[in-house]
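Here is how the chains run, residue by residue.
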Amino acid sequence: MVRRFLILILFFFLHSQSLFGGEIPSPEAYFGFRIGSDRRLIAWQQITSYFKLLDKQSPRLKLLELGRTTLDRPMIMAIIAYEATLSDLSRYREIQQRLAWPEDLTSQAEKTLLQEGKLVFLLTMNIHSTEIAASQESVELAYELVTSDAPRVKQIRDSLIVLMIPSLNPDGQDLVTQWYRNTVGTKYEGSRPPQKYHFYADHDNNRDWYFFNLAESRHVARVLYHDWFPEIVLDQHQMGSRGARLFLPPYADPVNPNVSPALMANVNLVGKYVVADLHERGFTGLVTGTIFNAYFEGTMSKTPLWHNRIGILTEAASARIASPLFFPHTSLKGMGIDLPEYKQQTNFLDPWPGGWWRLRDIIDYEKASAYAMLDLAARMKTKFKRLFLQLNREAIQAGETQPPYAFVIPREQHDPNSALEMLRRLQMANVRIYQATEAQELPEGKIRPGDFVIPLAQPTRAYIKDLLEVQQYPNLKEYPDGPPRRPYDITGWTLPLKMGVSTFALQQPLNVPLHEAVLSLPEASRQITAGTFAFERRFSHAYLLANLLLSKNIPVFQLERPVDELPAGTFVTRISPGEEKIVQEFLRNLEIPLQKVTRNHTLSLRSIQPLRIGVYQPWIPSVYDEGWLRLLLDQFHFPYQVLHNADFKDGQQLRRKVDVIVFGSQSSQSILRGSNARQNNQYLGAPQTKPEFRGGIGQQGVKSLQVFLEQGGKILFIGKACDFAIEQLRVPAINFVKKLSRKNFYIPGSLLEVQLDRTSPLTLGLPARVSIFFRSPVALKLLPYSREIKETAFYSDRNPLRSGWAIGAEKLEGSVALAEIPVKTGEVILYAFGVHHRAQTYGTFKLLVNA
């Protein structure tokens, strides 16, 4: 007994250094295996626990919780630097803020700040959860940056403040890790989880970096644009397996005209430096200048470009999560038209020969490229900081001397809620917004007191222009007279068009007194008493208020006919004594004026009852807008339930569950057979899909939908899903652009204008014309039918393009974008466009929620 006690004392003494701030255990010692080992992963709780250990035991790392994720996990960021730097972070943040807004910075102050300041380097990881390597790398890289005495690392700690976010999607990191662990050793090993790895956005979570719909992107926006203003941003990704081993900038064409050429030249410098450094260290298979371009704004790595930051994307070849793959040389292939063959060329100097490719290899490539960038940033700290300062100053000067000088957003809007929402999203990226205090007549329009004004004389000039002006995407061809070159993402994202907001740009210097904006509707705040109140449907918040009232059993009606200045469709509610406080609480966070109705005669009202909504969610995520739809419904407090394939076995049972079913943009065959319909034909050794997640709704599902319609149900088909309604339910419509070649018809994510049939209840609260988001090749011509069909939205112009890129848009003239088709006692509604694209198209939300 005494001997055992003495052994315990000795063990405690030997390990006390580690326990109380001495030697820090390496990740390998802490987790019991080398990070990146085959078929071994650490989950989010393990990652956070290790960072907490580093925070506790090292004075060179400070851990922050940025906030909670969509599913309420902690989202963390580590700040790594020397002890003296970490002890004075408030001073270094102040320096960054002064360099970011250098309006009144003297040359002496500039010199002092550049000399005293540290370069802030933001490293973000694992936004796409199946691209798991970076989250595993994070603990190892952080440990080395904290503990290593290598000269290169010491210089990094001395010159930089490294901000490291181990995962931009902790929810997905955990989901993928647990799924992988549960399938290792089975025929499902390496398969993708059947659920979206971001609860709402899945892979589209890297398309939210100017709109900030997601909790995670909002947390990081504070770091980027309010707290730290990092001069360099590195975002680590993975790509397909069969091409190059690692992509680095320079980016592919085209070049966005709003991004400074000097900035892009420095992006190229950083990318080429890393390529050279990695080649010197023996890495092969490095590619630049293909597939990934920097024209589209909205990704984590690229959006900082419009804020005068160096934004670097790396893409490493993938394994099967953590399972290794062997690549015979003949299995390797080129990457896009800039690397048509897997062979040596200027942007691919040393092809990887093939062989085994492991999770550990990905970590090695990602860590080596991160070190090379950190090393360059440390060596050229003053150059990069001066570039940031110079570009911010030049942006301010350009806003003072070049048109446009400002954007005006009138307070009088068709939907004031949408306008304020747009302005708030801009504020999240540190755009300064003002209001006019006097009226002024200008050639571009009239400014009234209270109108919102965004001057371009601010560092975010490129960002403001890119989001508020019209995009004119270049007409690029794969080769002369060939098909159009596919863009990286969408080609038109003009916020005022997407959100139904009126704006105009000033082409001459602004000469109106301004004050800092208050983003609110003063007329919306009033004391509520018992009585009858009306609130107009043109306000987006009207739908939110209606749902909140219904949730408390407070009745909601709509006007069947116009009354005085209230249009048909206006919501009406009757607030009884005792309900005033409930309504007042709702209105505290809503901006919608309630008008007391004092008319003596009876109003023509129709009671509104909440419909039971079902959203079809396919297994093995293949359609992103289903998740964005759920986000929209949650934001507007529409209750709904998710439907899977098994729910479509019995049409009568389906009708007892829901009144409305919504199918997101998904191909007809994918709905019918599933996105993994070819699973059984895959080659030997490919990961299989579990039986319960295979297939689509099948022919039995088609029959169930027919029964659902016969019994009065309503089905909404969005985008490509319209083809399912046409091909399987045989609705009287033709998608006449489906089989057109890219050379003849190609609209890859642009904004088009349509005219609305104002007699349809779907158009309540909307103006006569709206801009719609068009991406999927779907446009309708309707067939003769035994019942009346509503052509609710249609193309009335020969050139409907408003922003982006369109080939063959004239073919749309006279065709239909939105149709209401009665089927038996039910109804099918076809949305041949992205009515709720990425939950950003406020200008067309009402066409969906009215249904």
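Placed above this text is the structure.
This structure is a prediction, so every number in the text was calculated from the model and none was measured.

### Structural notes on the overall build of the protein
And step 1. Within the protein, the regular secondary structure consists of 24 helices and 34 strands.
And step 2. Its C-alpha atoms give the protein a radius of gyration of 29 Å, near enough to 29 Å, the size a compact globule of 851 residues would have.
And step 3. Taken over the C-alpha atoms alone, the protein extends approximately 90 × 75 × 70 Å along its principal axes.
And step 4. For the protein, the residues scored as buried account for 61% of the 851 residues in total.
And step 5. Within the protein, contacts between residues separated by at least 24 positions form 78% of all contacts whose residues are at least 6 apart in sequence.

### Regarding the packing of aromatic side chains
And step 1. Summed over all chains, the structure comprises 33 aromatic pairs.
And step 2. Measuring from ring centre to ring centre gives 5.2 Å for Y473 and W805, while their planes differ by 25°; the resulting arrangement is stacked. In this pair, Y473 sits in the loop between α15 (461–468) and α16 (495–499) while W805 sits in the loop between β32 (801–803) and β33 (816–823), placing the two residues 332 residues apart along the sequence.
And step 3. We classify W805 as buried; its relative accessible area is 4%.
And step 4. One aromatic cluster is present, built from ring pairs that chain together Y295, F296, Y473, W493, Y746 and W805.
And step 5. Residue placement shows R630 over the ring face of F199; its charged tip is 4.7 Å from the ring centre.

### Let's talk about the side chain of Q617
And step 1. Relative to the elements of secondary structure, Q617 occurs in the loop between β23 (613–616) and α19 (625–635).
And step 2. Polar contacts involving the side chain of Q617 include one to the side chain of H644, which spans 2.8 Å.
And step 3. Once residues within four sequence positions are removed from consideration, Q617 is found in contact with E626, R630, V642, L643 and H644.

### Concerning the nonpolar core
And step 1. The biggest cluster of nonpolar side chains holds 230 residues, and the ones touching the most others in it are F51, L145, W228, L426 and Y831.
And step 2. Top contributing element to this core by residue count: helix α12 (residues 359–379), with 13 residues.
And step 3. Beyond its immediate chain neighbours, meaning those up to four positions away, W228 contacts M77, I79, L89, Y92, R93, Q96, V120, I161, L163, R222 and V223.
And step 4. Counting residues in each nonpolar core, the second largest holds 34 residues, with F648, I697, L709 and L780 among its members.

### What to know about the environment of L751
And step 1. Checked against the element boundaries, L751 lands in strand β28 (residues 750–756).
And step 2. Remark: the alpha-carbon pair of L751 and S771, spanning 20 residues in sequence, is separated by 6.0 Å.
And step 3. Setting aside residues up to four positions removed in sequence, L751 forms contacts with G492, W493, T494, L497, K498, I772, F773, P800, L801, R802 and S803.

### Topic: the pairing of strand β34 (residues 826–831)
And step 1. For β34, the tally of buried residues reaches five of six residues, placing the bulk of the element in the interior.
And step 2. Where strand β26 (residues 714–718) meets β34, five bridges bridge the pair, whose relative direction is parallel. When the bridges of β34 are listed, I715 appears paired with V828.
And step 3. Pairing of β33 with β34, which is carried by six bridges, proceeds in the antiparallel orientation. Of the residues in β34, the one forming a bridge with P822 is E827.
And step 4. Count of turn residues in the β33/β34 antiparallel hairpin: two residues, of which K824 carries a positive phi of about 55°.

### Points about the pattern of salt bridges
And step 1. On inspection of all chains with the given rule, the structure shows 52 salt bridges.
And step 2. Where D174 meets R73, a salt bridge forms, and the shortest distance between an N and an O atom there is 3.2 Å. In this pair, D174 sits in helix α9 (residues 170–183) while R73 sits in the loop between β1 (61–68) and β2 (74–80), placing the two residues 101 residues apart along the sequence.
And step 3. The exposure class assigned to D174 is buried, which follows from its relative accessible area of 14%.
And step 4. Residue class for R73 comes out partly exposed when judged on its relative accessible area of 25%.
And step 5. Between R152 and D277 there is a salt bridge, and its shortest N-O distance comes to 3.9 Å. With R152 in helix α8 (residues 151–159) and D277 in helix α11 (residues 261–280), this residue pair connects regions lying 125 residues apart in the sequence. Neither R152 nor D277 differs from the other in exposure class; each is buried.
And step 6. Where salt bridges share partners, they join E140, E144, R360, D364 and K367 into one cluster.

### Topic: the side chain of S58
And step 1. On the secondary structure map, S58 appears in the loop between α3 (44–57) and β1.
And step 2. A polar side-chain atom of S58 sits 3.0 Å from the main-chain amide nitrogen of R60.
And step 3. When residues no more than four places from it in sequence are discounted, the contact partners of S58 are I24 and V146.

### Here's the deal with the packing of α8 against α12
And step 1. The interhelical angle for the contact between α8 and α12, taken along N-to-C directions, is 60°, at an axis separation of 9 Å. Between α8 and α12, the angle falls in the class oblique. Pair α8 / α12 crosses with left-handed handedness. Each of R152, V153, Q155, I156 and S159 in α8 lies in contact with α12, whose residues at this interface are Y371, A372, L374, D375, A378 and R379.

### Examining the sheet that holds strand β16 (residues 504–506)
And step 1. Judged by pairing direction, the sheet is antiparallel, and its five strands sit side by side in the order β16-β11-β15-β12-β17 without closing on themselves. At either end of the open sheet lies a strand with only one pairing partner, and these are β16 and β17 (514–516). Strand-to-strand twist of the sheet, defined as the mean angle between neighbouring strand axes without regard to direction, takes the value 35°.
And step 2. Across four bridges, strand β11 (residues 406–409) lies against strand β15 (residues 452–455) in antiparallel orientation. The residue of β15 that forms the bridge with V408 is V453.
And step 3. Here helix α14 (residues 416–428) sits on the sheet in contact with β11 and β15, set at roughly 30° to β15.

### Some thoughts on the pairing of strand β5 (residues 232–239)
And step 1. Of all eight residues making up β5, eight are buried, and the element is well covered by its neighbours.
And step 2. On β5, burial covers both faces: I232, L234, Q236 and Q238 on one face and V233, D235, H237 and M239 on the other are all buried.
And step 3. Here five bridges tie strand β3 (residues 119–125) to β5, and the two strands are oriented parallel to one another. Bridge pairing in β5 places L122 opposite V233.
And step 4. Relative to strand β8 (residues 310–317), β5 is paired through eight bridges, and the arrangement is parallel. Note on β8: the bridge partner recorded for Q238 is A316.

### A closer look at the sheet that holds strand β22 (residues 605–607)
And step 1. Read across the open sheet, the five strands follow the order β21-β18-β20-β19-β22; overall the sheet is antiparallel. The open sheet is flanked by β21 (595–596) and β22, the only strands paired with a single partner.

### Observations concerning helix α13 (residues 381–401)
And step 1. Compared with the 30 Å implied by 1.5 Å per residue over 21 residues, the 30 Å span of α13 between its first and last C-alpha is a close match.
And step 2. Here α13 has its buried residues at K381, F384, K385, L387, F388, L389, L391, N392, A395, I396, A398 and G399.

### Side note on helix α5 (residues 89–100)
And step 1. The end-to-end C-alpha distance of α5, which contains twelve residues, comes to 16 Å, matching closely the 16 Å that a straight helix rising 1.5 Å per residue would cover.
And step 2. Every buried residue of α5 is accounted for by L89, Y92, I95, Q96, L99 and A100. Buried positions in α5, seen along its axis, are confined to an arc of 135° and lie on one side of it.

### Remarks on unusual backbone geometry
And step 1. Cis geometry marks the peptide bond from P249 to P250, where omega comes out at 15°.
And step 2. Secondary-structure assignment places P250 in the loop between β6 (246–248) and α11.
And step 3. Of note, the bond from D253 into P254 is cis; its omega dihedral lies within 30 degrees of zero at 5°.
And step 4. The phi angle at I321 is positive, at roughly 60°, despite the residue not being glycine.
And step 5. Inspection of the secondary structure puts I321 in the loop between β8 and β9 (325–327).
And step 6. Unusually for a residue other than glycine, D481 sits at a positive phi of about 65°.
And step 7. Tracing the backbone shows D481 in the loop between α15 and α16.
And step 8. Under the relative-accessibility criterion, D481 is labelled exposed at 62%.

Rules of the game
- Residues numbered from 1 in each chain as written.
- Predicted model: local features only at pLDDT ≥ 70, side-chain atom pairs only at ≥ 80, totals over all residues.
- Heavy atoms only, no water.
- Helix = DSSP H or I, 4+ residues; strand = E, 2+ residues; numbered from the N terminus.
- Rg over C-alpha atoms; globule rule 2.2 N^0.38 Å.
- Buried < 20%, exposed > 50% of the residue type's maximum accessible area, 1.4 Å probe, protein only.
- Contact = heavy atoms within 4.5 Å.
- Phe/Tyr/Trp six-rings, centres within 6.5 Å; stacked < 30°, edge-to-face > 60°.
- Lys NZ or Arg CZ within 6 Å of the ring centre and 35° of its normal.
- Polar contact = N/O pair within 3.5 Å; in protein donor to acceptor, adjacent residues only side chain to side chain.
- Core = buried A, V, L, I, M, F, W, Y, C linked by side-chain atoms within 4.5 Å.
- Pairing = 2+ DSSP bridges.
- Salt bridge = Lys/Arg side-chain N within 4 Å of Asp/Glu carboxyl O.
- Axes fitted to C-alpha atoms, helices over the stretch in contact; angles between N-to-C directions.
- Parallel < 35°, antiparallel > 145°, perpendicular 65-115°, else oblique.
- Left-handed = near helix turned anticlockwise from the far one by under 90°.
- Expected span 1.5 Å × (residues − 1).
- Arc of directions from axis to C-beta.

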